[in-house]
Amino acid sequence: MSNRNATASWSGYSHQGQVGLLVALRKLQENGIDLNTHYVQFETHEDVAIYQEPIRGVRVYLTVHQVKAYYSATNLYKSTYGGVLNGNFEPGNERYLHTAVDISDWVTSATTNNNNVLRYPYTPNQHHCGTTEIEAFIKVELKNILNAANPIIDDAYYRLSFELDHRIRQEHQKAYKHLFDIKFSLQEINQLIRSTETFTEKDIYDCRKLFYDTYIDIVKNENLSQERIDSIQDNIIKQINALDDSDFLLFLQRLNLNETPERLKHAQIYYNSPGLKQVFFRMIIDIVNADPTLIENVVKYSKDAEPSKFILTTIIEEESEQLTVVENILTNLKSQNLLWENHSLVNRNIEIELVNRNPDINMVATTEEKADDKDKFMSFTNSKLIKRESATQKLNNGGDN
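Residues numbered from 1 in each chain as written. Predicted model: local features only at pLDDT ≥ 70, side-chain atom pairs only at ≥ 80, totals over all residues. Heavy atoms only, no water.

Peer 1: Is there a simple way to explain the overall build of the protein in this structure?
Peer 2: Scanning the protein for helices and strands turns up 13 helices and 12 strands. A separation threshold of at least 6 residues defines the contact pool for the protein, and within that pool the share at least 24 residues apart is 72%. Carbon and sulfur atoms provide 46% of the accessible area of the protein, an area that totals close to 18400 Å². Across the protein, the centroid of the 42 positively charged side chains sits 3 Å from that of the 56 negatively charged ones. (Helix = DSSP H or I, 4+ residues; strand = E, 2+ residues; numbered from the N terminus. Contact = heavy atoms within 4.5 Å. Areas by Shrake-Rupley, 256 points an atom, 1.4 Å probe, with all protein chains shown as cover. Lys, Arg positive; Asp, Glu negative; His and termini not counted. Charge placed at Lys NZ, Arg CZ, Asp CG, Glu CD.)

Peer 1: Sorry if this is basic, but what is going on with the sheet that holds strand β11 (residues 352-353) here?
Peer 2: Across a sheet, paired strands are connected by hydrogen bonds in the backbone, their directions being either parallel or antiparallel. As summarised here, the arrangement of the six strands in space is β7-β8-β9-β10-β12-β11, forming an open sheet in which the pairing is mixed. Each end of this open sheet is capped by a strand with a single partner; those strands are β7 (293-295) and β11. With two bridges joining them, β11 and strand β12 (residues 384-387) adopt antiparallel strand pairing. From the neighbouring strand, Glu-353 faces β12, where its bridge partner is Lys-384. (Pairing = 2+ DSSP bridges.)

Peer 1: Looking at this structure, how should I read the side chain of Ser-11?
Peer 2: Here Ser-11 is to be found in the segment before α1 (15-28). A relative accessible area of 3% places Ser-11 in the buried class. (Buried < 20%, exposed > 50% of the residue type's maximum accessible area, 1.4 Å probe, protein only.)

Peer 1: Got a minute to help me understand unusual backbone geometry in this structure?
Peer 2: Backbone phi values are negative for most residues with the exception of glycine, while trans is the configuration of most peptide bonds. Backbone geometry places Glu-296, a non-glycine residue, at a positive phi of 55°. Mapped onto the elements of the fold, Glu-296 is located in the loop between β7 and β8 (298-301). One non-glycine residue, Asn-297, adopts positive backbone phi at about 60°. As for its position among the elements, Asn-297 is in the loop between β7 and β8.

Peer 1: Please explain the pairing of strand β9 (residues 309-312) as it appears in this structure.
Peer 2: The two faces of a sheet get side chains in turn, since along a regular strand they alternate between them. Relative to β9, β8 runs antiparallel, the two sharing two bridges. When the sheet's bridge partners are listed, Tyr-301 is paired in β9 with Phe-310.

Peer 1: Is there a simple way to think about the sheet that holds strand β6 (residues 182-185) in this case?
Peer 2: Taken in spatial order, the six strands make up an open sheet running β5-β4-β3-β2-β1-β6, and their pairing is mixed. Across the chains shown, the open sheet's two edge strands, defined by having one partner strand only, are β5 (118-119) and β6. Bridge count for strand β1 (residues 38-42) against strand β2 (residues 48-52) is five bridges, and the pairing is antiparallel. Its bridge partner lying in β2, Val-40 is registered against Ile-50. On the sheet, helix α5 (residues 186-194) packs against β1 and β6 and is oriented at approximately 75° with respect to β6. (Axes fitted to C-alpha atoms, helices over the stretch in contact; angles between N-to-C directions.)

Here's what the structure looks like:
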């Protein structure tokens with residue numbers, strides 16, 4: 001089984017980001033800490049670092065953290081982490097390794113540890129933390145600090161993750177990684193969690209978190225090489241994560257164009273985890289002979305041998321619902337002014353031309369009226385719904401899946 005890194009490309013909801021928030025909250029509670037001169041830094045000095053930098057003083061890295069959220073069976077063993085323990089590791093007073101699974105032979109293994117790396121203690125007896133557990137650890141620290149009811153703890157957690165995600169996306173607009181400066185002073189962390197303002201961005205927070213969590217769930221359960229995971233992240237996941245909030249919501253809407261325009265206004269419609277798993281991510285994983293592109297807030301594929309552009313959706317409606325699906329798609333395409341001539345919308349079960357299955361055409365009496373109705377939808381000429389299996393075969397063009 002391969003080393004499946006479930007950390008995904010950087011976002012405020014990634015495991016690395018959550019680990020950094022936990023480490024920062026614990027540091028914040030230490031006695032004698034000047035919150036204005038202590039910082040948590042992301043993605044620059046290893047995955048996470050805590051440093052002290054007095055005004056006009058020298059920066060000192062106190063703790064430096066590498067996060068390896070691998071889930072395959074081999075990652076139970078110390079030898080898997082030989083590169084961390086003996087290879088390049090940024091300097092710091094203490095160096096920590098974070099793993100998603102317990103390392104069973106840390107004491108007995110012959111693997112050397114020339115970097116003097118420590119396993120991070122999540123509790124006195126637990127030195128690992130899964131991607132689904134980290135939120136609970138963060139909320140324990142928030143409870144210790146704020147001594148407040150759960151709704152206040154939840155708001156503080158949402159606000160922290162949301163602000164981190166915003167800063168990551170902002171810094172990732174820079175051309176080169178060495179220009180990134182993703183950091184918070186511990187004073188900023190303290191102010192964010194103690195804010196009494198109502199967290200008003202819950203819908204977009206949930207949408208981004210849903211997308212990230214569904215992706216992680218897929219990666220954890222697929223036997224993908226790390227090279228393949230890195231390729232998927234570099235080719236498309238990073239671009240989606242980088243969308244600003246309004247474009248990200250449009251991206252989710254366009255995955256769900258089968259919904260009525262009225263329902264498409266509500267964020268809960270985007271919580272389509274089954275559709276993401278069965279169509280969107282299934283296609284991204286299975287298509288190996290063509291690269292995805294993010295255009296008009298949709299993910300498209302094309303191949304020279306195929307006249308049609310292929311658009312990924314999350315539509316999983318049954319064949320029997322094709323009439324309603326087509327009606328809603330045509331209405332939404334018109335209202336969003338999308339000119340999708342000769343496009344194939346990849347979905348789970350339906351294969352049909354959009355205009356010819358347009359319910360309005362079936363209501364008119366004459367050939368001339370049908371032609372007039374088709375003219376209204378000229379932007380969608382030769383566009384169709386196509387099943388995921390058919391699209392995969394066309395895009396892989398006989399290649400290995």
